[in-house]
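Structural overview
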Amino acid sequence: MTRLVMKFGGTSVATLDRIKRAAKRVGREVANGHEVIVIVSAMAGKTNELVGWVNETSPFYDAREYDAVVSSGENVTAGLMALTLQEMDIPARSWQGWQVPLKTNGAHGAARIEEIPTRNMDVKFAEGMKVAVVAGFQGVSPEGRITTLGRGGSDTTAVAFAAAFDAVRCDIYTDVDGVYTTDPRISSKARKLDRIAFEEMLELASLGAKVLQTRSVELAMRYKVKLRVLSSFDEYDEDAGTLVCDEEEIMESKAVAGVAYSRDEAKMTLISVADKPGIAAAIFGPLAAAGVNVDMIVQNISEEGRTDMTFSCPVDQVKRAEKAMSEAKAAGKIDYSELVADTDVAKVSVVGIGMRSHAGVAARMFESLRDENINIKVITTSEIKISVLIDRKYMELAVQALHDCFELEKA
Ligand code: ADP
Ligand code: ASP
Ligand code: MG
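About the cut-offs
- Residues numbered from 1 in each chain as written.
- Chains lettered and ligands numbered in written order.
- Predicted model: local features only at pLDDT ≥ 70, side-chain atom pairs only at ≥ 80, totals over all residues.
- Heavy atoms only, no water.
- Helix = DSSP H or I, 4+ residues; strand = E, 2+ residues; numbered from the N terminus.
- Expected span 1.5 Å × (residues − 1).
- Buried < 20%, exposed > 50% of the residue type's maximum accessible area, 1.4 Å probe, protein only.
- Contact = heavy atoms within 4.5 Å.
- Near = heavy atom within 4 Å.
- Polar contact = N/O pair within 3.5 Å; in protein donor to acceptor, adjacent residues only side chain to side chain.
- Areas by Shrake-Rupley, 256 points an atom, 1.4 Å probe, with all protein chains shown as cover.
- Nonpolar A, V, L, I, M, F, W, Y, C, P; charged D, E, K, R; others polar.
- Pairing = 2+ DSSP bridges.
- Axes fitted to C-alpha atoms, helices over the stretch in contact; angles between N-to-C directions.
- Core = buried A, V, L, I, M, F, W, Y, C linked by side-chain atoms within 4.5 Å.
- Salt bridge = Lys/Arg side-chain N within 4 Å of Asp/Glu carboxyl O.

Glancing now at helix H1 (residues 16-31). Taking 1.5 Å of rise per residue, the 16 residues of H1 would be expected to cover 22 Å, and the 22 Å separating its terminal C-alpha atoms lies within 8% of that figure. Of all the residues in H1, the buried ones are Ile19, Ala22, Ala23, Arg25, Val26, Gly27, Glu29 and Val30. The inward-facing, buried residues of H1 contact strand S1 (2-8), strand S2 (34-40), helix H4 (72-87), strand S6 (131-135), strand S9 (170-174) and strand S11 (227-231). At the C-terminal side of H1, glycine 33 shows a positive phi close to 100 degrees.

Below is the structure:
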């Protein structure tokens with residue numbers, strides 16, 4: 001028997017009809033001779049609603065209870081999918097994370113998977129179960145509490161199961177028919193890619209392309225999982241979707257493979273901090289402890305021993321960051337005159353392994369933004385990406401301009 005992992009995202013299980021549609025696809029794979037592990041997300045919008053309830057109840061919530069609440073959406077779809085399959089006479093059973101068990105560390109809200117023992121599920125497959133329907137996004141901590149894997153975490157559940165059960169492939173069914181050169185919702189010129197390299201997908205995901213959770217790509221790369229993204233709405237065909245694969249399996253060698261964006265960023269500047277050894281540690285230590293995900297960092301030139309320190313973080317973490325900084329100031333750990341938050345910024349990035357061998361990508365990018373009169377606030381680069389922070393109102397324009405500039409609509 002071969003094992004196959006099929007993951008259905010929120011829009012693919014948004015209604016009972018869509019669950020039926022997804023179940024039919026699962027049924028076809030069972031008929032093809034696979035034992036199938038189905039990973040389901042919560043119904044579209046459900047997780048957002050649950051997160052909203054938590055924030056309304058407790059703004060600086062206990063992360064253990066956040067997980068108790070937001071993991072629940074997946075339990076519903078797992079049970080409904082198992083019932084739908086049973087109605088089709090397919091032996092199916094639902095599994096919540098703790099029942100597998102999918103073991104994680106104790107980092108509530110962003111837990112890392114540590115181990116997926118296969119024994120419990122193998123026993124059930126041996127007894128005739130054809131489909132295991134697993135609630136995505138959730139696991140169990142060493143203390144025995146429910147954890148979640150971070151937003152979009154069902155992708156990671158899927159890849160982790162594919163690795164643990166040595167699946168022939170991990171199919172991610174979603175509301176687009178593959179990975180595009182940029183988010184098709186932002187640019188009508190976006191082009192679907194037949195293949196994309198793990199490293200490019202990793203960068204695109206971590207820079208905001210939420211079609212796959214970053215950690216899922218990392219795991220697929222490490223465990224050599226055959227990962228495919230495809231639509232749950234289109235008619236099925238063998239070559240559908242986008243294959244995420246090794247660099248060597250790709251013919252295309254453009255400088256830039258895709259453009260990603262992250263809409264909800266904030267730029268925070270600490271004015272007039274003492275420029276002395278240990279100051280960065282004194283600032284970023286408390287931010288990390290408060291759970292603020294700092295991204296870009298710039299330290300400005302100093303004058304008379306004082307400097308400004310700028311960093312970016314997700315806009316919904318601004319309050320956390322402000323609290324951490326004012327507490328550190330009150331405790332005498334840091335000293336600054338003011339913390340200025342610019343909450344109207346977005347990050348736009350170009351990504352491509354071709355950048356290693358093509359020179360001048362940054363210059364072309366900056367010229368293209370200049371031609372649209374878009375001011376750049378912060379720049380960061382790595383070997384295969386360049387990111388800029390800009391005013392949020394220009395985000396769509398910037399994505400489209402960069403897509404045009406690097407001619408991504410052309411194969
Ligand atoms: P699911 O609920 O199935 O997990 P997501 O909403 O998490 O789906 O991810 C799919 C969405 O990702 C698409 O609807 C699309 O708007 C967005 N997206 C962003 N960047 C890209 C890209 N480069 N290619 C494809 N989709 C992208
Ligand atoms: N339901 C979770 C979320 O919306 C996990 C997922 O769908 O991947 O983030
Ligand atoms: Mg998703």
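Before going further, it helps to examine the site of ligand 1. Taken together, 16 residues are adjacent to ligand 1, and Thr174, Asp175, Tyr180, Asp183 and Arg185 come closest. In this structure, an oxygen atom belonging to ligand 1 sits 3.4 Å away from a main-chain N or O atom of lysine 210. With the chains in place, 90% of the 580 Å² that ligand 1 exposes on its own is no longer accessible. The residue inventory of the shell around ligand 1, partitioned by class, reads 6 nonpolar, 5 polar and 5 charged.

We now examine the site of ligand 2. Near ligand 2 the following residues occur: Ser41, Ala42, Thr47, Glu74, Phe137, Arg151, Gly152, Gly153 and Ser154. Side-chain polar atom of threonine 47 to a nitrogen atom of ligand 2: 2.8 Å apart, as the coordinates give it. Within the side chain of arginine 151, one N or O atom sits 2.7 Å away from an oxygen atom of ligand 2. Its free accessible area being 260 Å², ligand 2 has 86% of it covered by the protein chains. For the shell around ligand 2, the residue count by class is 2 nonpolar, 5 polar and 2 charged.

The next point concerns the sheet that holds S1. Across the sheet, 8 strands lie side by side as S3-S6-S2-S1-S9-S11-S12-S10; this open sheet has mixed pairing. The sheet is open, and its two edges are formed by strand S3 (92-95) and strand S10 (195-197), each paired on a single side. Pairs of neighbouring strands in the sheet enclose a mean axial angle of 20 degrees, with direction left out of account. Two strands pair when backbone bridges link them, and S11 and strand S12 (residues 242-245) are joined in this way by 3 bridges, in the antiparallel orientation. Across the sheet, the residue bridging to arginine 228 is leucine 243, located in S12.

Okay, the sheet that holds strand S16 (residues 338-351) next. Strand order in the open sheet made by the 6 strands is S14-S15-S13-S16-S18-S17, with antiparallel pairing throughout. The sheet terminates laterally at strand S14 (297-299) and strand S17 (378-382), the two strands that pair on one side only. In this sheet, adjacent strand axes meet at a mean angle of 25 degrees when their direction is disregarded. Packed onto the sheet, helix H12 (residues 395-405) meets strand S13 (258-274), S16 and strand S18 (385-391) and runs at close to 125 degrees relative to S13.

Bringing the nonpolar core into the picture now. If you look at the biggest cluster of nonpolar residues, it comprises 42 residues, and the most contacted ones within it are Val5, Ile37, Met121, Phe161, Cys170 and Met201. Contributing elements (two or more residues each) for this core: S2, helix H5 (119-126), S6, helix H6 (154-164), S9, helix H7 (198-206), helix H8 (214-223) and S11. Here this core gets 5 residues from one element, more than from any other, and that element is H6. Residues in contact with isoleucine 37, not counting those within four places in the same chain, are Leu4, Val5, Met6, Met121, Phe125, Ala132, Val134, Phe161 and Phe165. Counting residues in hydrophobic clusters, the runner-up holds 24 residues, among them Ile19, Val26, Ala82 and Val131.

Attention now moves to the pattern of salt bridges. Counting across every chain of the model gives 27 salt bridges. Among the ionic pairs, arginine 3 bridges to glutamate 35, the shortest N-O distance being 2.6 Å. With a gap of 32 residues between them, arginine 3 in strand S1 and glutamate 35 in strand S2 connect regions that are remote in the sequence. According to the relative accessible area criterion, glutamate 35 is buried, its value standing at 8%. Between glutamate 407 and lysine 410 there is a salt bridge whose closest N-O contact spans 3.2 Å. When its relative accessible area of 44% is taken as the criterion, lysine 410 is described as partly exposed.

Take it as geometry only, folks, not as evidence of what the structure does.
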